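# Observations on the three-dimensional arrangement
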Amino acid sequence: MVSPVRNCRRPIVCLLAACGLAGACGWPQVAGASDTLHVVIVADTNDVRIGKSVAVDVQTVESFFREESNVPSPVPITTVTGDEFTQERVFRAIRTLPRGAAHSCLLYYCGHGEYDLEKGHRLMIPGADSPGVARQEVLAALLAGQPHLVALISDSCSVIVD
């Protein structure tokens, strides 16, 4: 079998191809025999500088899980983009994921990011009280549903800020 990772032109496709290899190697053994994979895509498609590129990445991720992945059964995909790109909507999407060990989830974030030396990596998702949210806070929200497997991919910068 030829690895799809070798021929990748875009890093996100390479990453998704690697995820797809888990299915080729036997998704039930990797994630759990009765797991349902749920995908949440969070992307800053309205940003004037990166919005167009981010929209392409959203299409790439959606297309991969709808058409190219080796994961059995259709993959439920939730997208938080455009005007819905807010902390409130992101956490609402996470809270509505099915709970329990029969489910696994992957959250793909594509947008701006920064790294605070004291607080860690922050995803620049606008909120009522702040322009960003700690990556650890998003991960904690995903883990609160006690899924079998969680993957949080942040496709963003991590520029150090003081």
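Scroll up to find the structure this text is about.
For every chain, the first residue of the written sequence is number 1, and numbering continues from 1 along that sequence. In view of the model being predicted, local features appear only for residues whose pLDDT reaches at least 70, and side-chain atom pairs are presented and counted only at 80 or more, with totals across whole chains, interfaces and linings using the full set of residues. Side-chain metrics in this entry use all non-hydrogen atoms of the structure; hydrogen atoms and water are not considered.

Another point: the pattern of salt bridges. Close approach of charged atoms lets side chains of opposite charge pair. For salt bridges, the criterion is a side-chain nitrogen of Lys or Arg within 4 Å of an Asp or Glu carboxyl oxygen. On inspection of all chains with the given rule, the structure shows three salt bridges. Arginine 89 is the salt-bridge partner of glutamate 84, the closest N and O atoms lying 3.3 Å from each other. When its relative accessible area of 37% is taken as the criterion, glutamate 84 is described as partly exposed. One salt bridge connects arginine 92 with glutamate 88, and the closest N-O pair in it is separated by 2.8 Å. Buried residues are those whose accessible area, probed at 1.4 Å on protein chains only, stays under 20% of the maximum for their type, while exposed residues exceed 50% and partly exposed ones sit between those limits.

Right, let's talk about the nonpolar core for a bit. Note on soluble globular proteins: their nonpolar side chains tend to be buried together. Only buried residues count toward a nonpolar core, which is a set of Ala, Val, Leu, Ile, Met, Phe, Trp, Tyr and Cys residues joined through side-chain atoms within 4.5 Å. Judged by nonpolar contacts, the single largest core of 19 residues is most densely connected at Val42, Ile94, Leu107, Tyr109, Ile125, Val138 and Leu142. Helix and strand assignments come from DSSP, with helices taken as H or I runs of at least 4 residues and strands as E runs of at least 2, each series counted from the N terminus. The set of elements that each furnish at least two residues to this core consists of strand 1 (36–43), helix 4 (87–95), strand 3 (103–110) and helix 5 (135–144). The contact criterion used throughout is that any non-hydrogen atoms of two residues lie within 4.5 Å. With residues near it in sequence (within four places) discarded, leucine 142 still touches Ile94, Leu97, Cys105, Leu107, Pro147, Val150 and Leu152. One finds Phe65, Val71, Val75 and Leu106 within the second-largest nonpolar core, a separate group that totals 16 residues.

All right, on to the packing of aromatic side chains then. In this description, a pair of aromatic rings is defined by centroid distance and the angle of the planes. Only centres within 6.5 Å qualify two rings of Phe, Tyr or Trp (six-membered ring in Trp) as a pair; their planes then separate them into stacked at under 30 degrees, edge-to-face at over 60, and tilted for everything else. For the structure shown, the criterion picks out two aromatic pairs. Where phenylalanine 64 meets phenylalanine 65, the ring centres are 5.0 Å apart and the plane angle is 90°; that geometry is what we call edge-to-face. Assigned by exposure class, phenylalanine 64 and phenylalanine 65 land together as buried. Ring geometry for phenylalanine 85 versus tyrosine 109: centroids 6.4 Å apart, planes at 25°, classification stacked. With phenylalanine 85 in the loop between strand 2 (77–80) and helix 4 and tyrosine 109 in strand 3, the pair connects residues that are 24 residues apart, well separated along the chain. Taken as a pair, phenylalanine 85 and tyrosine 109 share a single burial class, namely buried.

With that settled, consider the side chain of arginine 122. Tracing the chain through its elements places arginine 122 in strand 5 (residues 120–123). Polar contacts involving the side chain of arginine 122 include one to the side chain of glutamate 114, which spans 2.3 Å. Sequence-distant contacts of arginine 122, defined by excluding residues within four places in its chain, comprise His112, Gly113, Glu114, Asp116, Gly132, Val133, Ala134, Arg135 and Val161. Nitrogen and oxygen atoms within 3.5 Å of one another constitute a polar contact, given that in protein one can donate a hydrogen and the other can accept it, and given that sequence-neighbouring residues count only through two side-chain atoms.

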